[in-house]
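# Close look at the chain arrangement
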Amino acid sequence: MKKVLIVDDDIKIIHFLKGLISHKLNFPSQSAKSLKEAQACLNSGESYAIALVDISLPDAKEGECVDLVISSDIPVIVMCDEQSRSLEKRVFNKDILDYVRKDSANSFDYAMRLLQFVYGFEHSQILLVDDSKTTRLKMKYSLCKLPLVIHEAGDGYEAMDKLQEYPDIQLVITDKSMPNMNGIELIKEIRKRYAMEELAIMGISASEEPMMSVEFLRQGANDFITKPFIPEELFSRVISSLESLYYIQLAKKSAMNDFLTGLQNRRYLYETGLKLYENAKRQQLSIIIAMIDVDHFKKINDRYGHEAGDLALNKLGQLMLKEFRSSDVLTRYGGEEFCIILTNTNLRYAQEVMQRLCEKVEEMLIQTSKISFRMTISIGLTDQLGDSFDQMIASADAKLYQAKQEGRNRVVG
């Protein structure tokens, strides 16, 4: 992982920033107290994602260290204080990411957001939509310091083509007044295909109509900015839009993850499984559902304790992640029961895979600080689509019950 480079002659600032970066972001960092030490860091072979550089150092009073780090193609956040404010304007005209004031705690919070952005949003894709090439150029210039991939379109139709060509676009910035398809019409079309938590939209317009921003927001935009815009405002709003989208998607992902096993949860199973089921039904494709249950799990909890039971479930989840394909859906159905959907395969292959899983679980030794033990699993399989996804799960569950009745530690399909 690339490091954060901190250059400041005040050791208290260095310790403060190192602690902040480690505690808030869990990023590695390295420090230097002078231009000479910064040069040594840059020559050491270490890779740096971003640098926090004091504008004035004892051996670099005129911002020479900022120039040094920029020349190494490392994004720079400049740190200023009262004594160096006369240098601010001159340094800000350099190719820096932004600057922060040392005398403001909020400034350092902002710096942490920028650090996280550079680490987490590198190569994020955005789309600028405006029939004016000059405006698009101004927007690109305002955003050129961010690690973004920027696409362009001259109207709404071209924008829709770009979204299809580049499905990883996360933010669209669109003008209202454009030929062929204007910005409002474009937003309507986008929202037919993308929810607000999937793709962010920022409206932009030179119109002086007081309700213009309301019109954009009502149609599905996440934000709005007026022309002529201040580059720093566009810069900050883009960061905020991408951050908001990231945290929404993170919350959604967390809501569908099972913390204990590392697998997806039951909610994810039904949201994703239903789509796979309907697609299989429509296109006459094969999917296999496997219901898996840990044998005598209550005895494990009773004999070894719930901590040991949790460890057993965690080990099983990690084994599944290792054994199955990324295209398979792995979920904890509830308690000690799991559900797996295998795609693009047949029942015979699925039986072989599940039998191998049974054998590996039986061989797996689960160790705590006090005891060690082994466990087995039973598995029921079905490839019969039936009349519904729920019916398919019920069919696999019936096969699981049969496996239990026949003696456990086996696959029935």
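To be clear, the structure that these remarks concern was listed above.
First things first, this report covers the structure right here in the doc. (Residues numbered from 1 in each chain as written. Predicted model: local features only at pLDDT ≥ 70, side-chain atom pairs only at ≥ 80, totals over all residues. Heavy atoms only, no water.)

## Focus: the overall build of the protein
Each helix and strand in the protein was counted, giving 15 helices and 17 strands. A compact globule built from 413 residues should have a C-alpha radius of gyration of about 22 Å, whereas the protein, at 28 Å, is more than 25% larger. In terms of overall dimensions, the protein has C-alpha extents of about 85 × 60 × 35 Å along its principal axes. Summarising the internal contacts of the protein: among those between residues at least 6 apart in sequence, 67% fall at separations of at least 24. Carbon together with sulfur atoms contributes 47% to the accessible area of the protein, which is approximately 21000 Å² in total. Charged side chains of the protein number 52 positive and 60 negative; the gap between the two group centres comes to 4 Å. (Helix = DSSP H or I, 4+ residues; strand = E, 2+ residues; numbered from the N terminus. Rg over C-alpha atoms; globule rule 2.2 N^0.38 Å. Contact = heavy atoms within 4.5 Å. Areas by Shrake-Rupley, 256 points an atom, 1.4 Å probe, with all protein chains shown as cover. Lys, Arg positive; Asp, Glu negative; His and termini not counted. Charge placed at Lys NZ, Arg CZ, Asp CG, Glu CD.)

## With respect to the packing of helix α7 (residues 156–165) against helix α8 (residues 183–193)
At a closest axis distance of 10 Å, the pairing of α7 and α8 adopts a crossing angle of 25 degrees. Our classification of the angle between α7 and α8 gives roughly parallel. Our pair here, α7 against α8, has a crossing hand that is right-handed. In this structure, α7 uses Gly156, Ala159, Met160 and Leu163 to contact α8, whose residues at the interface are Leu186, Glu189, Ile190 and Arg193. (Axes fitted to C-alpha atoms, helices over the stretch in contact; angles between N-to-C directions. Parallel < 35°, antiparallel > 145°, perpendicular 65-115°, else oblique. Left-handed = near helix turned anticlockwise from the far one by under 90°.)

## Quick look at the packing of aromatic side chains
On inspection of all chains with the given rule, the structure shows 9 aromatic pairs. Consider the rings of phenylalanine 16 and phenylalanine 108, whose centres lie 5.4 Å apart with planes at 70 degrees: the pair is edge-to-face. Taken together, the positions of phenylalanine 16 in helix α1 (residues 11–25) and phenylalanine 108 in helix α5 (residues 105–120) put the pair 92 residues apart, joining distant regions of the chain. Residue class for phenylalanine 108 comes out buried when judged on its relative accessible area of 4%. Arranged with centres 3.9 Å apart and planes meeting at 25 degrees, the rings of phenylalanine 27 and tyrosine 119 form a pair that is stacked. Here phenylalanine 27, found in the loop between α1 and β2 (29–32), pairs with tyrosine 119, found in helix α5; they are 92 residues apart in sequence, far enough to count as distant. For phenylalanine 27, a relative accessible area of 13% gives the class buried. Judged by its relative accessible area of 18%, tyrosine 119 is buried. An aromatic cluster is present here, built from Phe117, Phe121, Tyr246 and Tyr247 joined pairwise through their rings. Over the face of the ring belonging to tyrosine 333 we find arginine 266, whose NZ or CZ atom lies 4.0 Å from the ring centre. (Phe/Tyr/Trp six-rings, centres within 6.5 Å; stacked < 30°, edge-to-face > 60°. Buried < 20%, exposed > 50% of the residue type's maximum accessible area, 1.4 Å probe, protein only. Lys NZ or Arg CZ within 6 Å of the ring centre and 35° of its normal.)

## A look at the sheet that holds strand β3 (residues 48–54)
Strand order across the open sheet formed by 5 strands is β2-β1-β3-β4-β5, with parallel pairing between neighbours. Two strands bound the open sheet, and with one partner strand each, they are β2 and β5 (98–101). Strand after strand, the sheet turns through a mean of 20 degrees between neighbouring axes, direction not considered. Inspection of the sheet shows strand β4 (residues 76–80) paired to β5 by 4 bridges, in the parallel sense. The partner of isoleucine 77 across the bridge, within β5, is aspartate 98. Its contacts with the sheet place α5 against β1 (3–7), β3, β4 and β5, and it is angled at close to 160 degrees to β3. (Pairing = 2+ DSSP bridges.)

## Quick look at the nonpolar core
Across soluble globular proteins, you tend to see nonpolar side chains buried next to one another. Core analysis: the biggest nonpolar cluster contains 43 residues, and Val4, Leu52, Leu115, Leu146, Ile173, Leu234 and Val238 have the highest contact counts within it. When neighbours within four sequence positions are excluded, leucine 52 is seen to be in contact with Val4, Leu5, Ile6, Val7, Leu17, Ile21, Ile77, Met79, Ala111 and Leu115. Listed in part, the 32 residues of the second largest apolar core include Ala290, Ala312, Val353 and Phe373. (Core = buried A, V, L, I, M, F, W, Y, C linked by side-chain atoms within 4.5 Å.)

## Quick look at the pairing of strand β16 (residues 377–382)
The buried fraction of β16 amounts to 6 of the 6 residues, a majority that puts the element mostly inside the structure. Of the two faces of β16, the one carrying Ile377, Ile379 and Leu381 and the one carrying Ser378, Gly380 and Thr382 are both buried. Relative to β16, strand β11 (residues 287–294) is paired through 6 bridges, and the arrangement is antiparallel. Residue pairing in the sheet places alanine 290 in a bridge with leucine 381 of β16. With helix α15 (residues 389–405) bridging β16 and its parallel neighbour strand β17 (residues 411–412), the resulting β-α-β unit is left-handed. (Right-handed = clockwise from strand over helix to strand, strands pointing away.)

## A short note on the state of the cysteines
Evaluated as defined, the whole model comprises 0 disulfides. Between cysteine 65, a free cysteine, and cysteine 41, which holds the nearest cysteine sulfur, the sulfur-to-sulfur gap is 9.4 Å. No disulfide involves cysteine 80; its sulfur sits 13 Å from that of cysteine 65, the nearest cysteine. (Disulfide = S-S within 2.5 Å.)

## Digging into the pattern of salt bridges
What the rule picks out here adds up to 23 salt bridges. As a salt-bridge pair, aspartate 8 and lysine 102 come within 2.6 Å of each other at their nearest N and O atoms. Within this pair, whereas aspartate 8 is found in the loop between β1 and α1, its partner lysine 102 is found in the loop between β5 and α5, the two being separated by 94 residues in sequence. Each member of the pair, aspartate 8 together with lysine 102, is buried. Residue arginine 267 pairs with glutamate 271 through a salt bridge whose shortest N-O separation is 3.5 Å. Remark: glutamate 271 and arginine 267 occur in helix α11 (residues 266–283); sequence separation between them is 4 residues, near one turn of the helix. Members of the salt-bridge network, linked through shared partners, are Asp8, Asp54 and Lys102. (Salt bridge = Lys/Arg side-chain N within 4 Å of Asp/Glu carboxyl O.)

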